[in-house]
Amino acid sequence: MINKLSVLALALFCATVVMATTGLAQPFALPALPYANDALEPYMDKLTVDIHHGLHHQGYVNNLNAQVKTFPKLEGMTLEAIMAKVSTFNAAVRGNGGGHYNHDFFWKSMAPAGKGGEPSAELISAINYAFGSLGELKKQFNQAGLTRLGSGWAWLIVTPEKKLAITATANQDNPLMDIAEVKGTPILVVDVWEHAYYLSYQNRRASFLNQWWPLVNWNEVNSRFAKALR
Ligand code: MN
């Protein structure tokens, strides 16, 4: 028999499950991939995804949760809130908080080839305005990833002026951080750490960047873009 209390309990349970599965609220948890580990082949091989998600990303999550125990100030903060004040914490919070945020965002930026849809008319119009064409966006984005010395990320962001821009960050930094040189709302990212491509592409980062585009989840990018404009 369903009474008001059980409905309330169910609602609370569902809310808790939703919070836990987003992975961006505490306690931080490794979000499941939105596809099978071999679904990105041949552009991104299964072993790379196994290690990158199961070991690297899990490591950032574990280390971030460990930091929460030593920084009571972090308790209850969402990951986005931590990013906005990251300069007030230590290097471990910056590296592992960014590591968790960036990887979660990266996995959701991809879909199996042929399943990610196409850029929306609104997004294409903004891309043409900012870069001239989709081809030119890809060229500039790849260039940003290629010239990021050492480890880091290339991003497509919506600036505070609501324009599209490309930026690259070092290590696990991102454009949401208060320390970022170029700030904005990310809508697409690629990981250019060697662990993202080395098993298949070895030192050929340019080749990885050129071959990565069929994996872009444009449906997700479209929705992030629309949200960023609100
Ligand atoms: Mn990575």
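Our subject is the structure listed above.
Reading guide: rules and limits
- Residues numbered from 1 in each chain as written.
- Predicted model: local features only at pLDDT ≥ 70, side-chain atom pairs only at ≥ 80, totals over all residues.
- Heavy atoms only, no water.
- Helix = DSSP H or I, 4+ residues; strand = E, 2+ residues; numbered from the N terminus.
- Contact = heavy atoms within 4.5 Å.
- 1 Å grid on protein atoms, 1.4 Å probe; cavity = no way out; pocket = protein on both sides within 12 Å on 5 of 7 lines; lining within 4 Å.
- Points joined across faces, edges and corners; volume = space filled by probe spheres on them.
- Donors = N, O, S within 2.8 Å, 3.2 Å for Na, K, Ca; no water.
- Buried < 20%, exposed > 50% of the residue type's maximum accessible area, 1.4 Å probe, protein only.
- Nonpolar A, V, L, I, M, F, W, Y, C, P; charged D, E, K, R; others polar.
- Domains from an automatic or database assignment.
- Phe/Tyr/Trp six-rings, centres within 6.5 Å; stacked < 30°, edge-to-face > 60°.
- Pairing = 2+ DSSP bridges.
- Patch = residues over 30% accessible without salt bridge, like charges linked within 9 Å, V, L, I, M, F, W, Y side chains within 5 Å.
- Areas by Shrake-Rupley, 256 points an atom, 1.4 Å probe, with all protein chains shown as cover.
- Salt bridge = Lys/Arg side-chain N within 4 Å of Asp/Glu carboxyl O.
- Axes fitted to C-alpha atoms, helices over the stretch in contact; angles between N-to-C directions.
- Parallel < 35°, antiparallel > 145°, perpendicular 65-115°, else oblique.
- Left-handed = near helix turned anticlockwise from the far one by under 90°.

> Sorry if this is basic, but what is going on with the environment of Val182 here?
Structurally, Val182 is set in the loop between strand S2 (164-170) and strand S3 (185-191). As for Val182 and Thr167, which are separated by 15 residues in sequence, their C-alpha atoms are 6.9 Å apart. Among residues more than four places away in sequence, those in contact with Val182 are Ile157, Thr167 and Pro175.

> I keep staring at empty space enclosed by the protein and nothing clicks. Help me out?
Where empty space is left can be seen by rolling a probe of water-molecule size over the atoms. Under the defined criterion, the tally for this structure stands at one cavity of 30 Å³ or more. One number sums up the size of the largest cavity: a volume of about 30 Å³. Contributing to the lining of the largest cavity are Pro31, Ala32, Leu33, Pro34, Asp104, Trp107 and Lys108.

> Looking at this structure, I do not really get the coordination of the manganese ion. What am I missing?
In an ideal octahedron of six donors the angles at the metal are 90 or 180 degrees, and in an ideal tetrahedron of four donors they are 109.5 degrees. Looking at the manganese ion, the protein donor atoms are His52 (NE2), His103 (NE2), Asp191 (OD) and His195 (NE2), and they sit 2.0 to 2.2 Å from it. Between the donor residues of the manganese ion, the gaps in sequence give the motif H-x50-H-x87-D-x3-H. Here His52 is found in helix H2 (residues 46-70), whereas its partner Asp191 is found in strand S3, with 139 residues between them in sequence. The exposure classification of His52 matches that of Asp191, with both residues buried.

> Looking at this structure, I do not really get the layout of surface pockets. What am I missing?
As a volume, the largest pocket reaches approximately 340 Å³. Around the largest pocket, the lining comprises 15 residues; the ones closest to its centre are Tyr101, Phe105, Pro186, Arg224 and Lys227. Those elements that provide at least two residues to the lining of the largest pocket are helix H4 (91-108), S3 and helix H9 (218-229). Element by element, the count of residues in the lining of the largest pocket is highest for H9, at five residues. When grouped by side-chain class, the residues that make up the lining of the largest pocket number seven nonpolar, two polar and six charged. Two domains each put at least three residues into the lining of the largest pocket: domain 1 (2-21 + 45-108) and domain 2 (121-228). Taken as a whole, the second largest pocket encloses approximately 170 Å³ of empty space. A total of four residues in the lining of the second largest pocket trace back to one element, the largest contributor, which is S2. Here the lining of the second largest pocket is built from residues that sort into five nonpolar, two polar and four charged.

> What's the story with the packing of aromatic side chains in this structure? I'm lost.
Remark: the centre distance and the inter-plane angle together describe each pair of aromatic rings, the angle taken between the planes. The tally for this structure, following the rule as stated, stands at 12 aromatic pairs. A centroid spacing of 6.1 Å and a plane angle of 45° characterise the contact between Phe105 and Trp155, whose relative ring orientation is tilted. One end of the pair, Phe105, is in helix H4; the other, Trp155, is in strand S1 (residues 152-158), with 50 residues separating them in the sequence. The same class applies to Phe105 and to Trp155, which are both buried.

> So what exactly am I meant to see when it comes to the pairing of S2 here?
Residues in a regular strand point their side chains to alternate faces of the sheet. Here S1 runs beside S2; their pairing, made up of seven bridges, is antiparallel. Among the inter-strand pairings, Ala154 is bridged to a residue of S2, identified as Ala168. Taking the residues between adjacent antiparallel strands as the criterion, S1 and S2 are bridged by five residues, where Lys162 takes a positive phi near 65°.

> What should I look at first to understand a nonpolar patch on the surface in this one?
On the surface, Leu47, Ile51, Leu55 and Leu199 cluster together to form a nonpolar patch covering roughly 370 Å² of accessible area. The element that contributes the greatest number of residues to the nonpolar patch is H2, accounting for three residues. Locating Ile51 in the fold gives a position in helix H2. Relative accessible area serves as the criterion here: at 31%, Ile51 is assigned to the partly exposed category.

> I keep staring at the packing of H2 against H4 and nothing clicks. Help me out?
Any two packed helices are characterised by the angle at which their axes cross and by the distance between the axes. Across the interface, H2 lies against H4 with an axial gap of 8 Å and an inter-helix angle of 140°. It follows that H2 is oblique to H4 by the angle criterion. As for the relative orientation of H2 and H4, their crossing is left-handed in sense. Along the contact surface, H2 presents Val49, His52, His53, His57, Gly59, Tyr60, Val61, Asn63, Leu64 and Gln67, while H4 presents Ala92, Val93, Gly95, Asn96, Gly97, Gly99, His100, His103, Asp104, Phe106 and Trp107. Classifying every residue of the contact of H2 with H4 gives eight nonpolar, 12 polar and one charged.

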